[in-house]
Amino acid sequence: MQRRHFLGSAAATALAQQQPRPNILWVTCEDIGPEIGPYGDKYAVTPVLDKFARTALRYDNAWSTAPVCAPARTTIISGMYPPSLGAEHMRSEVSLPPVARMYPQYLRDAGYYCSNNVKTDYNLVEPGKVWDDSSNKAHWRNRAAGQPFFSIFNFVSTHESQIRRRPHTLKHDPKEARIPAYHPDTPEVRHDWAQYYDNITTMDGQTGKVLSELEQDGLAQDTIVFFYGDHGSGMPRSKRWPYNSGLRVPLLVSVPEKFRHLAPPGYRDGGHTDRLVGFVDLAPTLLSIAGMNTPAHMQGYAFMGANTAPEQPYVYGFRGRMDERVDMVRTVRDKRYVYIRNYMPHRIYGQHIGYMFETPTTAVWQKMYKEGKLNESQRIFWEKKPAEELYDLDNDRDEVHNLAAKPEYRSRVARMRKAQEDLAVKIRDVGFLPEGEIHERAKGSTPYEMGHDAAKYPQAKIMAAAALAADTKPESIGKIKANFADKDGAVRYWAAQGVLAREAAGLEAARKEIEAALADTSPYVRAIAAEALGRFGSEQDRQKAIPVLLDVANGEKHGAYAPVLALNALNYFQERGPVPADVIARIPVLDPKSPRRAQEYPRRLVQTILNEAK
């Protein structure tokens with residue numbers, strides 16, 4: 001890793017007074033992949049972006065890091081991977097370590113006026129004043145005379161929620177929409193894709209308004225402009241999933257002539273680059289443009305500006321808890337291949353997330369799966385995951401042909417698996433802990449600091465237990481059983497997950513350990529052990545598991561995060577028939593002291609259980 005220094009507040013301000021620096025404008029939008037004209041999409045109608053791209057550099061391999069908004073924005077604002085901060089899970093609330101601040105704070109110290117119009121939506125608690133103005137009135141026009149600015153305008157017109165907004169008169173012909181291989185070709189799916197493209201056209205016009213204001217103010221020749229999306233499209237299997245379809249974003253960067261010395265290597269108007277860049281690189285890049293080096297705690301690499309770093313061989317992504325559903329996925333991409341590590345392969349791709357099911361495509365897609373009307377590529381989303389996946393983007397743009405098990409790709413899988421594990425070790429990825437344990441082990445400090453304390457977080461053995469649990473090999477069960485005796489609760493948690501992943505065969509091989517784990521000191525271990533027993537044992541086993549889950553679901557006793565595991569388990573019990581009404585009536589109260597966002601997800605699960613019991 002390159003040696004890094006950072007100019008302090010006084011030095012940064014002095015620098016600002018010594019030399020002119022560019023204004024920086026970010027025009028961002030939500031939930032779109034590169035489905036715009038500058039990326040060769042003939043179905044898209046984006047005249048503003050088409051014109052803008054003629055004087056910009058197009059990044060062909062830009063990745064969001066997270067396939068959903070809050071973790072993606074957490075990456076951007078911090079310049080750090082959320083799994084290193086304990087902030088990977090959707091709508092979590094954690095604090096930055098004392099050593100770190102959010103990038104606008106560094107820019108403001110250096111004399112920049114920083115405005116955000118308007119979305120924040122971080123998984124982080126803001127460490128003091130971050131923006132000069134963050135509101136729907138925020139604008140560079142509110143800065144002091146002569147002050148350089150950094151401004152964001154974020155458009156929600158392309159958000160997932162706008163795909164399903166009805167009534168809507170389509171402007172794009174649904175017959176002309178390209179349907180990816182994983183979606184069924186139905187009128188509902190075609191309508192949603194067409195409406196998605198309609199929304200992109202609306203956003204294109206909004207972008208034009210901001211760029212026109214920049215021209216009107218005579219600032220176009222003094223401003224570096226970025227356009228990008230916050231993650232892949234809002235259509236199901238893109239948003240929330242760390243495939244290329246969920247992580248690849250459009251990124252266009254325009255650098256005026258007077259600041260071409262800050263432009264990326266090889267910059268030319270209307271050009272493109274295959275450099276791999278991720279959202280973790282955006283904060284270091286901003287600081288580099290402003291003449292500052294990357295703070296030591298930031299984990300990305302500047303891709304333009306005075307302190308441009310060498311290109312890295314991989315970009316990385318992740319998936320944690322998505323709303324009310326628990327999962328853990330890590331992703332690595334080079335310029336051709338995407339590698340995916342599923343640490344919970346027993347959880348199907350398409351777990352029921354209430355918000356996702358509001359999109360008509362999701363509902364009709366699942367209905368057709370249940371009716372047996374899907375082909376092999378379309379069925380994948382509704383079934384369990386393999387432990388590893390590998391896709392060749394040159395020959396499989398929709399990522400439906402998994403190459404991971406093919407002998408000729410063994411060495412590539414091994415290299416990319418090692419890259420994933422190396423990054424986890426380097427950044428001290430704390431996502432290998434149950435979510436509640438992240439907070440419990442970090443009491444008195446922050447998850448980031450806890451992750452760097454070997455006594456509180458023995459990462460190597462926890463990662464090894466997770467890998468063992470996820471490999472799904474029957475011959476691993478002996479080592480998994482041994483992990484139930486470990487003194488660390490996270491190791492025992494992964495042992496229980498390993499049995500659960502092997503279903504009835506796992507339970508048969510480790511029944512003694514699972515039954516003992518029902519009394520484990522960790523509620524997270526108890527919840528997973530009870531799920532394994534209740535789903536894959538007898539009716540008597542199920543009756544034995546239910547009281548354990550009802551106890552773990554008690555928010556006043558166990559906080560907000562253990563109940564999510566317990567309520568998920570009760571919901572999965574319904575695969576064998578509705579949970580009895582008397583059991584539902586005994587689901588205990590939730591924790592009113594938990595963060596507001598954390599309370600939302602147990603409530604959703606209770607409602608799902610009630611709906612499916614009808």
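Before any of the text, the structure's been laid out above.
Residues numbered from 1 in each chain as written. Predicted model: local features only at pLDDT ≥ 70, side-chain atom pairs only at ≥ 80, totals over all residues. Heavy atoms only, no water.

Section: the pairing of strand S13 (residues 337–342)
Link 1 in the chain: Counting buried positions along S13 yields six of six residues, so the element is predominantly enclosed.
Link 2 in the chain: Covered by surrounding structure in S13 are Tyr337, Tyr339 and Arg341 together with Val338, Ile340 and Asn342, the residues of both alternating faces.
Link 3 in the chain: Sheet topology places strand S12 (residues 329–333) next to S13; five bridges connect them, and they run antiparallel. Residue pairing across strands places Val329 opposite Asn342, the latter belonging to S13.
Link 4 in the chain: Joining the antiparallel neighbours S12 and S13 is a turn of three residues.
Link 5 in the chain: Sheet topology note: the S13/strand S14 (residues 388–392) ladder contains five bridges and is antiparallel. Considered in S14, the bridge of Tyr337 is made with Asp392. (Buried < 20%, exposed > 50% of the residue type's maximum accessible area, 1.4 Å probe, protein only. Helix = DSSP H or I, 4+ residues; strand = E, 2+ residues; numbered from the N terminus. Pairing = 2+ DSSP bridges.)

What about the environment of Leu550?
Link 1 in the chain: Considering the arrangement of structural elements, one finds Leu550 in helix H21 (residues 539–552).
Link 2 in the chain: When the C-alpha positions of Leu550 and His439 are compared, they lie 22 Å apart, and in sequence the two are 111 residues distant.
Link 3 in the chain: Contacts of Leu550, omitting those with residues within four sequence positions, involve Leu570, Val583, Arg586, Ile587 and Pro588. (Contact = heavy atoms within 4.5 Å.)

Examining the sheet that holds S13
Link 1 in the chain: Read from one edge of the open sheet, four strands run S11-S12-S13-S14, paired in antiparallel fashion. The outermost strands of the open sheet, each flanked by one partner alone, are strand S11 (315–319) and S14. Averaged over all pairs of adjacent strands, the angle between strand axes in this sheet comes to 15 degrees, irrespective of strand direction.
Link 2 in the chain: Relative to S12, S11 runs antiparallel, the two sharing five bridges. Bridging across to S12, Arg319 finds its partner in Val329.
Link 3 in the chain: Across the sheet, helix H12 (residues 410–427) is in contact with S11, S12, S13 and S14; its angle to S13 comes to roughly 60 degrees. (Axes fitted to C-alpha atoms, helices over the stretch in contact; angles between N-to-C directions.)

Points about the sheet that holds strand S9 (residues 251–254)
Two strands in a sheet stick together by hydrogen bonds in their backbones, pointing the same way (parallel) or opposite ways (antiparallel).
Link 1 in the chain: The strand order across the open sheet built from eight strands is S6-S4-S7-S1-S8-S9-S2-S10, with neighbouring strands paired in mixed fashion. At either end of the open sheet lies a strand with only one pairing partner, and these are strand S6 (133–134) and strand S10 (272–278).
Link 2 in the chain: Note: strand S1 (residues 23–29) against strand S8 (residues 223–229), seven bridges, orientation parallel. Its bridge partner lying in S8, Cys29 is registered against Gly229.

Some words on the pattern of salt bridges
Link 1 in the chain: For the structure shown, the criterion picks out 58 salt bridges.
Link 2 in the chain: Linking Lys385 and Asp327 is a salt bridge whose minimum nitrogen-to-oxygen distance equals 3.4 Å. Of the two residues, Lys385 is situated in the loop between helix H11 (376–379) and S14 and Asp327 in the loop between S11 and S12; the sequence distance between them amounts to 58 residues. Both residues of the pair, Lys385 and Asp327, count as buried.
Link 3 in the chain: If you follow the salt bridges from partner to partner, you end up with Glu30, Arg73, Arg91, Lys119, Asp121, Asp230 and Arg597 in one network. (Salt bridge = Lys/Arg side-chain N within 4 Å of Asp/Glu carboxyl O.)

Some points on the packing of helix H17 (residues 489–501) against helix H20 (residues 523–536)
When two helices pack together, their arrangement is given by the angle between their axes and by how far apart the axes lie.
Link 1 in the chain: Where H17 contacts H20, the two axes come as close as 8 Å, and the packing angle between them is 15 degrees. Taken together, the axes of H17 and H20 lie roughly parallel to each other. Crossing hand, H17 versus H20: left-handed. Only Tyr524, Val525, Ile528, Ala529, Glu531, Ala532, Arg535 and Phe536 of H20 make contact with H17, whose side of the interface consists of Gly489, Arg492, Tyr493, Ala496, Gln497 and Leu500.
Link 2 in the chain: Taken together, the residues of the contact of H17 with H20 break down into nine nonpolar, two polar and three charged. (Parallel < 35°, antiparallel > 145°, perpendicular 65-115°, else oblique. Left-handed = near helix turned anticlockwise from the far one by under 90°. Nonpolar A, V, L, I, M, F, W, Y, C, P; charged D, E, K, R; others polar.)

A look at empty space enclosed by the protein
Link 1 in the chain: For the structure shown, the criterion picks out five cavities of 30 Å³ or more.
Link 2 in the chain: Here the largest cavity defines a volume of roughly 170 Å³.
Link 3 in the chain: Forming the walls of the largest cavity are 19 residues, and the residues nearest its centre are His89, Val326, Pro434, Glu435 and Tyr493.
Link 4 in the chain: When contributions to the lining of the largest cavity are tallied by element, the ones reaching two or more residues are helix H13 (435–441), H17 and helix H23 (561–573).
Link 5 in the chain: Ranked by the residues each element gives to the lining of the largest cavity, the list is headed by H23, at three residues.
Link 6 in the chain: A breakdown of the residues in the lining of the largest cavity according to their chemical character gives twelve nonpolar, three polar and four charged.
Link 7 in the chain: Computed from the structure, the second largest cavity encloses a volume of approximately 140 Å³.
Link 8 in the chain: Lining of the second largest cavity is provided by 14 residues; of these, Arg73, Ile76, Lys119, Ile152 and Tyr228 occupy positions nearest its centre. (1 Å grid on protein atoms, 1.4 Å probe; cavity = no way out; pocket = protein on both sides within 12 Å on 5 of 7 lines; lining within 4 Å. Points joined across faces, edges and corners; volume = space filled by probe spheres on them.)

Topic: H12
Link 1 in the chain: For H12, built from 18 residues, the straight-helix expectation of 26 Å at 1.5 Å per residue is met to within 8% by its first-to-last C-alpha distance of 26 Å.
Link 2 in the chain: Within the span of H12, buried status applies to Val413, Met416, Ala419, Gln420, Leu423, Ala424 and Ile427. One side of H12 carries all its buried residues, which in axial view fall inside an arc of 130 degrees.
Link 3 in the chain: Looking at the buried positions of H12, the neighbouring elements they touch are helix H4 (82–85), S11, S12, S13, S14 and helix H15 (459–470).
Link 4 in the chain: Once H12 ends, the next one or two residues include Arg428, with phi positive near 60 degrees. (Expected span 1.5 Å × (residues − 1). Arc of directions from axis to C-beta.)

Some remarks on the packing of aromatic side chains
Link 1 in the chain: According to the stated counting rule, one finds 29 aromatic pairs in the structure shown.
Link 2 in the chain: A ring pair is formed by Trp140 and Phe153, whose centres lie 5.8 Å apart and whose planes are at 80 degrees; its orientation type is edge-to-face. You can see Trp140 sitting in the loop between S6 and strand S7 (149–155) and its partner Phe153 sitting in strand S7, a full 13 residues away along the chain. Neither residue differs from the other here; Trp140 and Phe153 are each classed as buried.
Link 3 in the chain: Taken together through their ring pairs, the aromatic side chains of Trp26, Tyr103, Trp131, Phe150, Phe226, Tyr228 and Phe279 make up a single cluster.
Link 4 in the chain: Against the face of Tyr39 rests Arg58, its NZ or CZ located 5.5 Å from the ring centre.
Link 5 in the chain: Positioned over the ring face of Trp241 is Arg319, at 3.9 Å from the centre of the ring. (Phe/Tyr/Trp six-rings, centres within 6.5 Å; stacked < 30°, edge-to-face > 60°. Lys NZ or Arg CZ within 6 Å of the ring centre and 35° of its normal.)

Focus: the nonpolar core
Link 1 in the chain: Counting 129 residues, the largest nonpolar core has Leu25, Phe227, Leu252, Phe432, Trp494 and Leu570 as the members making the most contacts within it.
Link 2 in the chain: In terms of residue count, the dominant contributor to this core is helix H7 (residues 187–216) (ten residues).
Link 3 in the chain: Apart from residues no more than four positions distant in its own chain, Leu252 is found in contact with Ile36, Pro38, Tyr39, Leu49, Phe52, Ala53, Ala56, Leu57, Arg58, Val225, Phe226 and Phe227.
Link 4 in the chain: Ranked by size, the runner-up nonpolar core spans 53 residues in total, among them Ala72, Ile77, Tyr103 and Phe226. (Core = buried A, V, L, I, M, F, W, Y, C linked by side-chain atoms within 4.5 Å.)

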